[in-house]
Structure formats: C-alpha cells, structure tokens
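Descriptive analysis of the structure
Next come the chains, spelled out residue by residue.
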Amino acid sequence: MAEVRLLFDERRIAGRVEALADAVAAGMGPDFTIVALLTGAFVFTADLARALGRRGARPRIEFVGIKSYGDATVSSGRPVLVGNLPPDLSGRRVLVVDDILDTGHALAFARDAVRAQGAGETRTCVLLDKRARREMPIEADFTGFTIEDGFVVGYGIDCAQDYRYLPYLGVLEDA
Ligand code: IMP
Ligand code: MG
C-alpha cells in the first residue's frame, strides 16, 4: 500500500465546505439542481447539500456517472457519461459538482452536456482545483481549495477504487 500524506484534515474540509455553501447559496438562490459527477464527488456533494440546506437552499440532487480514468492515475482526456442525465433539466439553474478539476476535460464535458439538455444558467463547483494542469479553457465558479499537482485520495476520491473511505484528503506518496 502506498503512503498517504495528509493534505487537508476533517476540520479544514468542513470549514471550507461551510464557506463554499455560503457562496453557492448566495450565487444560486434557493431553487436549483445539483448534477454531481460520480463517483468521486459523492462525499463532497453529501456535505455540501446539507450545508446548503442549513442555509435555506432546496437543491434537487442528481448524480451522473462520468469516466475519464479507468484504473490509471492519468486521465484519458476522453470523458464519457455512464448512464443518463436527469431528463427534467429544461430551463433549470444547474450546479455541476465534481471532486477535482484537473485537465478540465471532465468538467467541461459534463457542463456542456447539461447545457445541451436545455438547462438554464449552469455553474460549476469543485472541491479541488489543480490549476497548473489545465488543458481546457474552464474555471470553476466555486472552488474549495487550489492545490499543487499530486495524486489525491480520500473524502470520496479514489485511486483504483481504493481510499474513498478516508475522512480526510491526502496525497499518494509514490503514485
Ligand atoms: P480532468 O478531466 O483531467 O479535469 O479530470 C477530472 C477527473 O479526474 C475528476 O473528476 C477526478 O475523478 C479525476 N481525478 C483528477 N485528479 C485526480 C486525483 O488526483 N485523484 C483522483 N482522481 C482524480
Ligand atoms: Mg471524477
């Protein structure tokens, strides 16, 4: 097993999620749909949704599968949707939520797919931004932490399906 170096502990993550919820609630209003990308965003989305609920927001919550990695630690650059987008996005404000914005292929693809479904104003929210690695012209509207390059695991984020259970965010030392 590779060593996991601590990046952000539970308290740090929780504090940042609360601050993000303030910004999202102010920017999106009470009525919108979260389209979260599986699988890495599931823990972040669960915490963000409850923080939004405490602020009076009432987002619908949908998940869609997106694959860009397989079992490798390098993105294929060709994301595909696994399953279907929710059918009732027409005219709705949508917040696309992902765990990590890296090259930008996955988030740009998902955002464009949501827009093509007829959604209204469509914004994006990511927990982590590896800005230095961007290949697509996309910035998230709401960002948790900007980080250096390195392979991140924990808080829902995997390496080959492992480590998702970690309550904190870490970096794989010899990935
Ligand atoms: P992008 O298309 O290169 O921006 O990749 C985004 C997707 O790749 C995210 O949704 C993550 O699922 C995955 N990803 C990117 N960096 C990491 C990482 O450090 N650890 C685990 N998954 C990652
Ligand atoms: Mg992902």
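Presented here is a report on the structure given in the accompanying data block.

To continue, consider the overall build of the protein chain. The number of helices and strands found in the protein chain is three helices and nine strands. In the protein chain, the succession of α and β elements from N to C terminus is β-α-β-α-β-β-β-α-β-β-β-β. On C-alpha atoms alone, the protein chain measures out to a radius of gyration of 15 Å, which is about the 16 Å that the 2.2 N^0.38 rule sets for 175 residues. When its C-alpha atoms are laid out on the principal axes, the protein chain stretches across 45 × 35 × 25 Å. Counting every position in the protein chain, which comprises 175 residues, the buried fraction comes to 50%. Of the contacts made within the protein chain by residues no fewer than 6 positions apart, 70% connect residues no fewer than 24 positions apart. For the protein chain, the distance from the average site of its 21 positive side-chain charges to the average site of its 25 negative ones is 6 Å.

On to the packing of aromatic side chains, then. What the rule picks out here adds up to one aromatic pair. Here the aromatic rings of F8 and F145 are separated by 3.8 Å at their centres, their planes lie at 15°, and the arrangement is stacked. On the criterion of sequence distance, the pair formed by F8 in strand β1 (residues 4–8) and F145 in strand β7 (residues 142–146) is long-range, its members being 137 residues apart.

The subject of this paragraph is the sheet that holds strand β4 (residues 80–82). Reading across the sheet, the six strands line up as β4-β3-β2-β5-β6-β7 and stay open at both edges, with mixed pairing between neighbours. Strands at the two margins of the open sheet, each flanked by one partner only, are β4 and β7. The average angle at which neighbouring strand axes cross in this sheet is 30°, direction not considered. One ladder, built from four bridges, connects strand β6 (residues 122–129) with β7; its direction is parallel. Note on β7: the bridge partner recorded for L128 is F145. Sheet strands touched by helix α3 (residues 105–116): β2 (33–38), β3 (60–67), β4, β5 (94–101) and β6. Its angle to β5, the strand with the most contacts, is close to 165°.

We now examine the sheet that holds strand β9 (residues 169–172). Ordered in space as β1-β9-β8, the three strands form an open sheet in which the pairing is antiparallel. Edge positions in the sheet fall to β1 and β8 (152–153), since each has one partner strand and no second.

Taking 1.5 Å per residue as the helical rise, helix α1 (residues 10–28) with its 19 residues ought to reach 27 Å, and the 26 Å between its terminal C-alpha atoms agrees with that figure. Residues of α1 that are buried make contact with β1, α2 (42–54), β5, β6, β7 and β9. Looking at the residues trailing α1, positive phi occurs at G29, about 75°.

Moving on: the pairing of β5. In terms of residue burial, β5 counts as a mostly covered element, since eight of its eight residues are buried. Bridge count for β2 against β5 is four bridges, and the pairing is parallel. Counterpart to T33 in the pairing with β5 is V94. Considered for its hand, the β-α-β crossover made up of β5, α3 and β6 is right-handed.

Scoring rules and cut-offs
- Residues numbered from 1 in each chain as written.
- Chains lettered and ligands numbered in written order.
- Predicted model: local features only at pLDDT ≥ 70, side-chain atom pairs only at ≥ 80, totals over all residues.
- Heavy atoms only, no water.
- Helix = DSSP H or I, 4+ residues; strand = E, 2+ residues; numbered from the N terminus.
- Rg over C-alpha atoms; globule rule 2.2 N^0.38 Å.
- Buried < 20%, exposed > 50% of the residue type's maximum accessible area, 1.4 Å probe, protein only.
- Contact = heavy atoms within 4.5 Å.
- Lys, Arg positive; Asp, Glu negative; His and termini not counted.
- Charge placed at Lys NZ, Arg CZ, Asp CG, Glu CD.
- Phe/Tyr/Trp six-rings, centres within 6.5 Å; stacked < 30°, edge-to-face > 60°.
- Pairing = 2+ DSSP bridges.
- Axes fitted to C-alpha atoms, helices over the stretch in contact; angles between N-to-C directions.
- Expected span 1.5 Å × (residues − 1).
- Right-handed = clockwise from strand over helix to strand, strands pointing away.

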